[in-house]
Structure formats: C-alpha cells, structure tokens
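Here's the letter readout for the chains.
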Amino acid sequence: MNEKVLATLEYDAVKQQIRPYIATVAGQHELDLLQPTAQASQMQQWLGETADLVRVLRLAAGLQIPSLEDIKPHMQRLKIDASLSATELAQVGRVLFTTGQIKTFFENLVLDKAETFVAIEQYYEALIILSDLTRRVNTAIDLDGRVTDEASPELHGIRQAIMSTETAIRQKMQDYTRGKSAQYLSDPIVTIRNDRYVVPVKAEYRSKFGGVVHDQSQTGQTLYIEPAEVVDMNNRLRENYLKERSEEERVLAELSDVLRPEADAILNNAVIIGHLDFVNAKARYAVATQSVEPEYSATNQVRLLQARHPLLDAKQAVANDIIIGEDYSAIIVTGPNTGGKTITLKTLGLLQIMAQSGLFLPTGEHSTVGIFDDIFADIGDEQSIEQSLSTFSSHMVNIVAILAKITPQSLVLFDELGAGTDPQEGAALAIAILDAVGAVGAYTVATTHYPELKVYGYNRVDTINASMEFDVETLKPTYKFMLGIPGRSNALEISKRLGLPQAIIDQASELTADDSQELNDMIADLVARRNAVLDQQSELEAQIIENRKLKNGYEQQLEQLEITKDKLVVEAQKEANHIVADSRKKADRIIADLQKMQRDGASIKANEMMDAKGALNAMRQEPSAANNRVLRRAKAAKNTDLAVGDTVLVREYGQQGTIQRVLKDDNYEIQMGILKMILSGAEIEKQALDQTKAKPKPTTVKKGVNTAKAVNRANASATLDLRGVRYEAAMAELDRFIDSALLNNLPSVEIIHGKGTGALRKGVLEYLRSHRQVQKFNFTGPDQGATYAELG
C-alpha cells in the first residue's frame, strides 16, 4: 500500500488509537510495523485472530498481559557469553513468568468453556514453559532487579553478617551521640562518609576523639570523624560489602549461564507474547469503538452498512451505507460543499485499509469488504509554492501518477475531480479520466460539482450517481449519503430563504436552462420518493419487530401446550400399561393352571395359548418419539442447501422472497417485495418445483431365537439371544420364550441382552421381576451382558 494514501486517509491516527491498549514493547513494535496486506488469506487470518481475542474478552474479561520490556538485546548478549545485570534478568524473569500464565490461561479457558480458538491456537500452543528456569530466576531476582537473599546460601550469610555489624556499629556510635561526648558534636547524629560510619565533631574538639577524619564541612568548623573504637567494625563491614558484591556477580553469571542454552526459546516466547498483546489491543479497540468483524467477499463486493469514520465522535457521526462492486464499479457523488462528500470518500478508503490490516470496522453487522492491491486518493488542496504548482496542476500531477500505477484490483478516490480550471474543460477532463480508470477495471469513487457528470453517471455502464442530502428548510447538510440520486443545486432556494429579493430570484430562474431546472425538479421528486420509501420501510421494520414478539409469545404458549399434551399422553400410556400388566398377571395365572392341567395329562395346544397372550401384549403402548416436540422441531428445521437466487417461503408472513446474499451463522438476506430483511435458516423454507418422496423400504427385525424351536419340546432352547433386536420386538420375543420354557418345564434359562445403552437390559429385568413364574434372576457374563433366571 502506497505511503501517500496512508497519510491522506490518516491511517497512523487509527494506529495511535490502538497504542494505549498495548502493554509490551514487542507489541508496540509490531503496531509500528503494521501495514495493510494485499493477500486475502492473510487478511482473513488477521481478522480471525482479532475475532478470537474479542471472544476471549467476552468469555473471560480478556487476556491480561503485564508491561514487558524488549529482551532481544539481552538474548543477543547471552549468545556472546556475556552476563546479564540484575535488571536485565528481572525483565527476562517477567517474560518467563508471563509465558506460563498465558499458556495456562488458554488451556483452562479451552477446558472450562469448551471453546476453540482456531486463529490464535498456533501461538499459545507454541509457547514453551520453562518452569525450573522461571522459578530459579524469579526466586533469585525480585521485580525491581535486586538480587534477593534467597539467591544463594552464601549471599544470605553475608547479608546477615552485614546486618549484625551495622547494628553493632550503630549501638557503639550512639554512645557518642547520647553520652558525655555529645557536647563535642555539631549535631548528635550518625552519618556516612566514604562508606564509613562517622560523627560530626566540632573542629576545636578534634583531640577529644581518636580515629580517622574522613571529611569536613565547607566552613571547616565540623570534622567527620570515624572513632577509633569503630574502625575495626567498619573495616569488617567494608569487607562484607565487597563479599556481597562478589557473590551477587557470581549469582548473576550463574543465572546467565543457565539461561544461555534456552535463549532462542525465551526470545521466541517474547515474540509470541508481543504478537498476542498486539492482537489483544486490536480486540480491545474493537470493543471500545463498538466495531464488528467484516465478512470477506471473494468477488470484491464492498458493502459497508451504517459505516462511521473511526476518527469522528461516534455519538455525532452520521452512519451511511457505502456499497460498490455489486452492480456498479464507479460512483459519482455530487452535492454542496461541507455536505460530507470528502469524509464519505475517506470513510470508504480508511475502512477498507483497516480491514486489510486485520482491524474490526465501525459498521453494522453483515458488512463485507474486498481486497485491493493498492488504494489511491487525490483528496484535498495540494498546491505547492516551492514547485510553482497551482491547485489544478498539483491535482493533475497526482492523477497522472495514479493512472500510471492502477490495476484492475485497485480502488481510486477522486475529490473534486477536474476542479480548479474552466468548468467546461474541467468536466471534459473528469469524464475522460473516469473513462480511463474504468477501462483498466479499477473501482472509482469521485466527487464533483459539474452537472455534466450527473449525466455521465446515468448513461455509463457500471456507474451510479450518489449525493449528500441537504435540508433546504434548515439550510444545513444532513450528511446522509444517498446512492442512486444525483445532487441537486439549491442555490436559488437557499438565496430565497436568506432574503434575496424575489425579482432577482425570478430573473435567475429565467436565465437558468429549462433542462437544468427540470433536472433539479426531477432530483427533488426522487429525494421525496426515497424519503417516503425509507419512512415506509421504517414502519415495516417496526411492524416486523412487533410481529416477531407476538410470534415468539404464541410459540412459547404453543410449546407449553405441546409439553402439557405430551405429559398427558405419557401418563395415559403409563396407566394403560398398568392395566395391561394387571391383565398379564391374570394371564400368567391362567397359563400356570393350564400347565398344571397338562402335567396331569390334559391336551393343550401351546401355540393357541401363546397367540392369545400375544394379542394381550399387543395392547401395551410405548411412549413414541413422535410426541417429543424437540425431535419434531429438529426434524422440521432441516433445510436443503440454500443459494443466492433461490425462492424461499418466509414462514412468518406466508410470502415468498428471493435470497440476495448468504451470510454467516446460517443467516440470509431476503428480498420480499420492496422490503429487504435478514432472516435465519429456521425462518425460511426453500420452494422447489417438484418434490418426490422416496418410498420407505420394508424393514425386517432379526430375532434372536426360532419360535418354532421354543415351542417344540424336543428342540426347546434354554438360551435367548436378543442382541441386535429392537426393544418392542425383543420384549415380545422374551414373552414367547418364557412361555415356551414354562411349557417345556425348563428349570432355568439365560437371556443374552448385551450391555449397550442399558435400555434392553432394563426391560428384561422389569419383565422378569413382574413375572410370577420367575423365582429369581441375576446377571452373568464378564460384562453383565446376560441374565440367568430360575423358573418354577
């Protein structure tokens, strides 16, 4: 991206707004180097990183990074076998500690919130935690860069000796400041000269004190004397100070040696922390400015909805929709001075540059951006006294340079194109320049006062007129950007309201060309119609909101009714099952009596008895998944793939619309008549010309045992395998199996049901528990996948 456009659009001012949110020197350096990218994949990666950190802000109040210095010079010194100072080691220690904190933070966040951060995962996963080094450095060096007593046992002992010696010296010196000798002192205090404890003695009493004179006052009236009695103690203190310094240097050299093999890993950690700090600052800036993530358009469609200039006060800035690249690639903006044309140009260019820098934009949801290899701007008065260039000449020099560099992937912004010269020639030049840019295929937005360009915007392919609205009632601009409507001249109307005599107004009107006056009247009518449509749209949107509230209320009531109905159905089924269970017990007693009769010699057909009991079991009802409202809703919500241009039914209104754009998060922009709205996939239904239903295939249920074998006494089986059989079929098969076993006088049986979800095992246990002829039962098998039952 060329430096001139970055300066013109005040890109650095945006970067300065981000700077207060950065805590590390590495992050500040990355911000300084930030430039817009021309690669779509890199822009999407940067935006994804910012989005991840915005989510972290919402989930855990953000990533907390302390102030960290640049440790790159420290690591370079380690590589040349130099030792670090205590201050430098303290800075390295903070990086080591912060590394562990950040990695632990993300690991806990991913675990606790079940979230994934695809874009930044590669960074925090690459952090290398050096636990032993971190503990050792931060134990030996405190935050202020001081070697602590815990750095080594020797240092601890030396400092203890220093403290005890200093205490002894002070106690001895107090004998001079409080005793009889105090009368010979200038002040009853103990002070230090040349790292030795001394007392201030009046010069005339020098003979009263032995020892060494270390200093005197400027007047010579006071001598600073080290009494002879503390000379030896001061000597010992001095020796301990030297030992302390030597031991501290040894500790620093030792820590430097320990850090040296890990210098590259530590530096890499610092770089990653700096990058995370930089991205975190972008996320905090996005939240502070109420900015949103733009969507990337692979077809280079720029659609900035409710866009605000980031350097203006958000409470005062007028938000506008700026759209280019969908149906047109050039916009001609006309309107009065100070109406907002230039700021609209800058808003478009600056927001596109911000998006290509991975920054969120102060726009509405579902805004889209493209990717441009460069953006060019000819904005402002650039006359040069040194080069003897007029305003027009300086603009032409800039435009010539722009035309030499543009490509089909460029965005060009012209402010007051062709101004500063004869209007007729200026308009002709403007049209020719716009044609040249259009021939290359670059996007263009140009502001102008020339009426000829209004006609150009109407007649040229891929070109549209636009204007800045002006309120003739208040004589003030509204700063509203109106696409599709050229600007009108308000000179006569304004002059009339300001008090210019009517005769002059009438004469000016007569001198004005008829076609010009008709054009102004047509524009005024277009503006009135547009405002009427906007008012109607606002009313419709308000009605939509009200209808949605009513719809949600009705849906909640309906859902509650469905839940109540489902509960009633389940309760009724349970009651019916109790009745069937009671009937089954009666049937079991009948079977028992029949078996007794059979044992006594009576002839009974087993299949007739089992058929009768099967008819009774058929009365049992199981709760159906069809009564589950959640399952029904999930099934009904399934929709076929939706694409731009598909006709859909908007369920809420029973009207058909067309998909204009496919948005993220299963949202779609629907055009329904003159109304355009954003709906979720659950609120629409694709309309197909022909829908055919597949014929259901007949299903078969695999039974675990042959019924005929169960009835045949000679081939009666004592084992029933229900694995793979559905619940209802398994219960019916189990009932027939038990009846067959009882008829064949089997003392015990084994039912194999498997472990699975436990539903089949539970059903088997409930059946055996309620059967009168089952004496006892228990699980068998290594995984309790079978049940052994004794019959009687």
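Please refer to the structure placed before this passage.
Being a predicted model, the structure only gives us computed values, none of them experimental.

**Student:** Break down the pattern of salt bridges for me, citing the residues and quoting the values.
**Tutor:** Should their charged atoms come close, side chains of opposite charge can pair. Throughout the structure, instances matching the rule amount to 31 salt bridges. Of the charged contacts, one joins Lys79 and Asp264 as a salt bridge, the two residues approaching to 2.7 Å between their closest N and O atoms. Note that Lys79 is positioned in helix α5 (residues 72-79) and Asp264 in helix α11 (residues 263-288), a separation of 185 residues in sequence. In terms of burial, Lys79 and Asp264 fall into one category: exposed.

**Student:** Residues and numbers for empty space enclosed by the protein, please.
**Tutor:** To find leftover empty space, one rolls a probe the size of a water molecule over the atoms. According to the stated counting rule, one finds 1 cavity of 30 Å³ or more in the structure shown. Of the pockets and cavities examined, the largest cavity occupies roughly 30 Å³. In terms of lining, the largest cavity is formed by Ile322, Ile331, Val333, Thr344, Leu345, Leu348, Val445 and Phe481. Breaking the lining of the largest cavity down by element, the ones donating at least two residues are β8 (330-334) and α12 (341-355). It is α12 that contributes the most residues to the lining of the largest cavity, 3 residues altogether. Taken together, the residues of the lining of the largest cavity sort by class into 7 nonpolar, 1 polar and no charged.

**Student:** Give me the lowdown on the packing of aromatic side chains, citing residues and values where you can.
**Tutor:** When we look at a pair of aromatic rings, we describe it by the centre distance and by the angle of the planes. Tallying each qualifying case throughout the model produces 5 aromatic pairs. A centroid spacing of 6.2 Å and a plane angle of 75° characterise the contact between Phe106 and Phe117, whose relative ring orientation is edge-to-face. Here Phe106, found in helix α6 (residues 86-113), pairs with Phe117, found in the loop between α6 and α7 (121-126); they are 11 residues apart in sequence, far enough to count as distant. Accessibility classification places Phe106 together with Phe117 in one group, the buried group. Ring centres of Phe106 and Tyr124 lie 4.4 Å apart, and the angle between their planes is 5°; on these two criteria the pair is classed as stacked. With Phe106 in helix α6 and Tyr124 in helix α7, the pair connects residues that are 18 residues apart, well separated along the chain. Among the residues examined, Phe106 registers a relative accessible area of 0% and is labelled buried. Among the residues examined, Tyr124 registers a relative accessible area of 4% and is labelled buried. These aromatic residues form a ring-pair network of at least three members: Phe105, Phe106, Phe117 and Tyr124. A cation over an aromatic ring shows up here: Arg193 above the ring of Tyr224, its NZ or CZ 4.1 Å from the ring centre.

**Student:** If you had to explain the packing of α5 against α11 to someone new, which residues and values would you point to?
**Tutor:** For the pair α5 and α11, interaxial distance at closest approach is 10 Å and the crossing angle is 170°. Relative to α11, the element α5 lies roughly antiparallel. Between α5 and α11, the residues in contact are Lys72, Met75 and Lys79 and Ala263, Asp264, Ile266 and Leu267, respectively. Here the residues of the contact of α5 with α11 sort into 4 nonpolar, no polar and 3 charged.

**Student:** So what about the pairing of strand β14 (residues 476-483)? Which residues, and what values?
**Tutor:** Two strands pair when backbone bridges link them, and strand β13 (residues 463-471) and β14 are joined in this way by 5 bridges, in the antiparallel orientation. In the strand pairing of β14, Met468 is matched with Phe481. Between β13 and β14, which pair antiparallel in sequence order, lie 4 residues; one of them, Leu475, sits at a positive phi of approximately 60°.

**Student:** So what about the sheet that holds strand β1 (residues 191-193)? Which residues, and what values?
**Tutor:** Taken together, 4 strands build an open sheet; the order of strands is β1-β2-β4-β3 and the sheet is antiparallel. For this open sheet the edge positions go to β1 and β3 (212-216), each flanked by a neighbour on one side alone. Strand-to-strand twist of the sheet, defined as the mean angle between neighbouring strand axes without regard to direction, takes the value 50°. Note: strand β2 (residues 196-202) against strand β4 (residues 222-226), 4 bridges, orientation antiparallel. What sits directly across from Pro200, in β4, is Tyr224. On top of the sheet, helix α10 (residues 228-259) reaches β2 and β4; it is set at about 150° to β2, its chief contact.

**Student:** Go over the nonpolar core with me, naming the residues and quoting the values.
**Tutor:** One finds Ile141, Leu259, Leu304 and Ile331 to be the most contacted residues of the largest nonpolar core, which totals 97 residues. Per-element accounting of this core gives the leading share, 13 residues, to α11. If near-sequence neighbours (up to four positions away) are discounted, Leu259 is found in contact with Leu78, Leu89, Val92, Leu96, Leu133, Val137 and Ile266.

**Student:** Would you mind going over the sheet that holds strand β20 (residues 719-721) in detail, with residue names and values included?
**Tutor:** The strand order across the open sheet built from 4 strands is β20-β21-β23-β22, with neighbouring strands paired in mixed fashion. Only two strands of the sheet have a single neighbouring strand rather than two, namely β20 and β22 (774-780). The average undirected angle you get between the axes of adjacent strands in this sheet is 20°. Pairing of β20 with strand β21 (residues 748-752) involves 3 bridges; the strand directions are parallel. Each bridged residue has a counterpart across the sheet, and for Thr719 the counterpart in β21 is Glu750. Packed onto the sheet, helix α22 (residues 727-743) meets β20, β21 and β23 (786-791) and runs at close to 160° relative to β21. Packing of helix α23 (residues 759-770) onto the sheet brings it into contact with β21, β22 and β23, and relative to β22 it is tilted by some 160°.

Definitions and cut-offs
Residues numbered from 1 in each chain as written. Predicted model: local features only at pLDDT ≥ 70, side-chain atom pairs only at ≥ 80, totals over all residues. Heavy atoms only, no water. Salt bridge = Lys/Arg side-chain N within 4 Å of Asp/Glu carboxyl O. Helix = DSSP H or I, 4+ residues; strand = E, 2+ residues; numbered from the N terminus. Buried < 20%, exposed > 50% of the residue type's maximum accessible area, 1.4 Å probe, protein only. 1 Å grid on protein atoms, 1.4 Å probe; cavity = no way out; pocket = protein on both sides within 12 Å on 5 of 7 lines; lining within 4 Å. Points joined across faces, edges and corners; volume = space filled by probe spheres on them. Nonpolar A, V, L, I, M, F, W, Y, C, P; charged D, E, K, R; others polar. Phe/Tyr/Trp six-rings, centres within 6.5 Å; stacked < 30°, edge-to-face > 60°. Lys NZ or Arg CZ within 6 Å of the ring centre and 35° of its normal. Axes fitted to C-alpha atoms, helices over the stretch in contact; angles between N-to-C directions. Parallel < 35°, antiparallel > 145°, perpendicular 65-115°, else oblique. Contact = heavy atoms within 4.5 Å. Pairing = 2+ DSSP bridges. Core = buried A, V, L, I, M, F, W, Y, C linked by side-chain atoms within 4.5 Å.

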